[in-house]
Number of protein chains: 2
Amino acid sequence: MPGHFSNIADAIHFDAARATKADLARGLTLFAGLNCFEPGQSQHIHAHRGADKFYLVLSGKARMTVGDETLIAEAGTLVWAPAGAPHGVDEALERTVMLVSMGPPPG
Amino acid sequence: MPGHFSNIADAIHFDAARATKADLARGLTLFAGLNCFEPGQSQHIHAHRGADKFYLVLSGKARMTVGDETLIAEAGTLVWAPAGAPHGVDEALERTVMLVSMGPPPG
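Residues numbered from 1 in each chain as written. Chains lettered and ligands numbered in written order. Predicted model: local features only at pLDDT ≥ 70, side-chain atom pairs only at ≥ 80, totals over all residues. Heavy atoms only, no water.

Describe the relation of the copies chain A and chain B, naming the residues involved and giving the relevant values.
The operation relating chain A to chain B is a screw motion whose rotation component is 180°, with 0.0 Å of axial translation and a residual RMSD of 0.0 Å. What the rotation and shift describe, once combined, is the action of a two-fold rotation axis. Relative to the rotation axis, the C-alpha of Gly103 of chain A is the closest in chain A, positioned 2.6 Å from it. Same-surface contact between copies: 100% of interface residues of chain A are shared with the interface of chain B. (Least-squares fit on C-alpha atoms with pLDDT ≥ 70 in both. Contact = heavy atoms within 4.5 Å.)

Just give me the short version of the environment of Gln41 of chain A, but keep the residues and values in it.
All names here are of chain A. Following the sequence through the fold, Gln41 ends up in the loop between strand E3 (31–37) and strand E4 (43–46). Assessed through its relative accessible area of 10%, Gln41 is described here as buried. Distance from Gln41 to Ala22, taken between C-alpha atoms, is 16 Å for residues 19 residues apart in sequence. What Gln41 contacts, discounting residues up to four positions off in sequence, is Asp15, Ala16, Ala17, Arg18, Ala19, Cys36, Glu91 and Ala92. Here Asp15 takes part through its backbone oxygen, which lies 2.8 Å from a polar atom of the side chain of Gln41. Among the polar contacts made by the side chain of Gln41, one reaches the main-chain amide nitrogen of Glu38 at a distance of 2.8 Å. (Helix = DSSP H or I, 4+ residues; strand = E, 2+ residues; numbered from the N terminus. Buried < 20%, exposed > 50% of the residue type's maximum accessible area, 1.4 Å probe, protein only. Polar contact = N/O pair within 3.5 Å; in protein donor to acceptor, adjacent residues only side chain to side chain.)

What follows is the structure, given as structure tokens:
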């Protein structure tokens, strides 16, 4: 990221073959990224040991799961996945863009 | 936050006397919150040692500073403040709502 300011619209990208991920910013203790889904695309249930994570749905609509909760998330829904909690996107019901934040960063 | 899903609209609150802050979610390694500003309100320049932070402007417009960069941020602008970097909101130019994420959490 050049400098401290960026426009997330520049990182939105859809791929008919699979859901996409983009890095927005990455530090030693925090990560910000975007996940973009075409309708019907998904993200398998997974968990991050030692790292809390949240999604903020920016546009679209998706059925999402955290632990034993499954709900339809849409623009303005914050989805909190504490460290170790299984979470994922069961299915995007529309073209959907989510901000993702994780601390510490993945990888 | 009850459960893993919440709607950030429920946390938006403006106060004519001062900018407001609301917690959305807080774990051991990650924090999510909202900052809401009436036009003319500000957040003093400050820094967090050992914690990266970002803002995502969700609505409105504000003049913001990180390090020696000052720009007008509006809906879709991601503002990245790495650990130790002085940052703040010089002035909201409209009624402005920002998502804030920090890892590890403040306090």
